[in-house]
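Chain residues, written in single-letter form:
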Amino acid sequence: MKGATIPAVAIMPSPLFLWRFKVILFLLWGLCCCKISWDSVMRMSADLRDLFLYEAFLYYNPLLLVALMIWLWGVNLWVFAQSSVNYAKVFDLAQTHLSHRDIWRCATWLTLIVPTSMTAYLYLYSHGEVSLAASQPVLLYAILLMVLFSPFDMFYISSRFYFLRTVWRIILPLQAITFPDFFLADIFTSMSKVFSDLERSVCRMVNRQVATIAWFEADSICGSHSIAIPLALVFPYLCRFFQCLRQYKDTKEKTCLLNALKYSTAVPVIFLSALKYHVFPEQWVSFYRPLWLISSVINSLYSFYWDIKRDWDLSILTRIFMFKNPSIWTNLLYGKNWVFYWILGSNLVLRCTWTYKLSAHLRHNYLTVFAIAALEILRRWQWVFFRVENEWNKMTSKQNLEMSSDMPSEGDRLLDSSNHTV
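Quantities reported herein were computed from a predicted structural model and do not represent experimental measurements.

## Points about the packing of aromatic side chains
Stage number 1. Taken as a whole and judged by the stated rule, the model has 18 aromatic pairs.
Stage number 2. Ring centres of phenylalanine 91 and phenylalanine 179 lie 5.4 Å apart, and the angle between their planes is 50°; on these two criteria the pair is classed as tilted. You can see phenylalanine 91 sitting in the loop between α3 (87-90) and α4 (100-126) and its partner phenylalanine 179 sitting in helix α7 (residues 179-190), a full 88 residues away along the chain. Accessibility assignment for this pair places phenylalanine 91 and phenylalanine 179 in one class, buried.

Okay, here's the thing in structure tokens:
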């Protein structure tokens, strides 16, 4: 009809277009950060360049490793959602728990703000704004702490409080140990390097040593010879050790004591390494270094044995990749022998290299240590698949056994039928 108005139709871009657009923006942002950082580093004198990069790397590398762990945890949840593993029931999560998309959203924000802060730190310091440069890591840490501990109903408050409550239960195992308690504590043992670097970073911030070389003296309060370094490294293992003792108190199972022994083997690796800075060189070479090597081998092999014998069920290995809907990942991973050999081989190799990270006297090459710490997080990521699957299988087997015991037997049904009046 004449004069009739045609309603405007909103044209919305497709989800695929939006995703590609976000990826392009992310890549452009990454290139800008790399370009600015490189130019800033090249402005510095060659004699101070390595020192300054080491300090900048110390503040930001633990947060980058945390971001990597969050990204990989999102992948774990995505695989669980595609398979038959009900991870929400395994961890006793509420209906409003975070999905893998929510986890990836958190990881994206952390991946954005950490390199941005690092770029600003490098740029400001290279241009003479030392005080502003020193404020960058301090502001970043303060913002992250405020978000984590914020009591306001924002930033996934229920999930944050669930995490903080679990951390508190790990630090003080005064109650019965649940699966989320020791599961998160196991992840923390793989992130002991993160805790050590966080302690070094906070120490320098509190003592106003950011963007200075006051920390360069190895024997200073924040130096590389500080006793706080091995204490931070060993803390997650001690938490897990006391969890095992608490489990033994509740269950009286001897396997809990054997598990506690496994975590105790990390203690001599850490402290024998730290002794290098507190004994004479001859003593270290002739006595303490051989002890450190022996304890490293024991810790690596014991941990590897426990993974394949106790934490995993090798009879069902790779079943987790049998997705509900047909997928290329199912065809690639499910029921393949190479996955079995890869899991065993990579777990053994990375268990052995992990002692490199636990050893303070080998940490002078920070890029190598960062790479090994990232590889340990990858090892823990693949460990998560089979540990959670094993726990889910135990839960379903227990439920099936209870259901079968509640059902009357055929003899009982026949006896009941004989009492009926026809």
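## A word on helix α1 (residues 15-42)
Stage number 1. If you check α1, its first and last C-alpha atoms are 41 Å apart, about what 28 residues at 1.5 Å a residue would give, namely 40 Å.
Stage number 2. Every buried residue of α1 is listed here: Gly30, Cys33, Ser37, Ser40 and Val41.
Stage number 3. On the buried face of α1, the contacting elements are α2 (46-82) and α4.

## What about the packing of helix α11 (residues 266-274) against helix α12 (residues 281-311)?
Stage number 1. Between α11 and α12, the shortest axis-to-axis distance is 8 Å and the interhelical angle comes to 150°. Compared by their axis directions, α11 and α12 come out roughly antiparallel. In this structure, α11 crosses over α12, and the sense of that crossing is left-handed. Judged by residue contacts, Ala266, Pro268, Val269, Leu272 and Ser273 of α11 engage Trp284, Tyr288, Leu291, Trp292, Ser295, Ser296 and Asn299 from α12.
Stage number 2. For the contact of α11 with α12, a count of residues per class yields eight nonpolar, four polar and no charged.

## A word on the packing of helix α9 (residues 228-251) against helix α10 (residues 254-264)
Stage number 1. Running from amino to carboxyl end, α9 crosses α10 at an angle of 170°, the nearest separation of the two axes being 8 Å. Here α10 runs roughly antiparallel to α9, going by the angle between their axes. For the pair α9 and α10, contact is made by Tyr237, Arg240, Phe241, Cys244, Leu245, Gln247, Tyr248 and Thr251 and by Lys254, Cys256, Leu257, Asn259, Ala260, Tyr263 and Ser264, respectively.
Stage number 2. Each residue belonging to the contact of α9 with α10 can be placed in one class, and the counts come to nine nonpolar, four polar and two charged.

## Quick notes on the UniProt feature "transmembrane region" (unreviewed entry) in the protein
Stage number 1. As annotated in UniProt, the feature "transmembrane region" (unreviewed entry) corresponds to residues 21-38, 58-81, 102-126 and 138-158 in the numbering used here.
Stage number 2. Within residues 102-126, the helical portion is 100% and the strand portion 0%, while the C-alpha atoms at the span's ends are 37 Å from each other.
Stage number 3. With 67% helix and 0% strand, the stretch residues 138-158 has end C-alpha atoms that lie 27 Å from each other.

Reading the values: rules and limits
Residues numbered from 1 in each chain as written. Predicted model: local features only at pLDDT ≥ 70, side-chain atom pairs only at ≥ 80, totals over all residues. Heavy atoms only, no water. Phe/Tyr/Trp six-rings, centres within 6.5 Å; stacked < 30°, edge-to-face > 60°. Helix = DSSP H or I, 4+ residues; strand = E, 2+ residues; numbered from the N terminus. Buried < 20%, exposed > 50% of the residue type's maximum accessible area, 1.4 Å probe, protein only. Expected span 1.5 Å × (residues − 1). Contact = heavy atoms within 4.5 Å. Axes fitted to C-alpha atoms, helices over the stretch in contact; angles between N-to-C directions. Parallel < 35°, antiparallel > 145°, perpendicular 65-115°, else oblique. Left-handed = near helix turned anticlockwise from the far one by under 90°. Nonpolar A, V, L, I, M, F, W, Y, C, P; charged D, E, K, R; others polar. UniProt positions renumbered as here; feature names shortened; annotations may be inferred.

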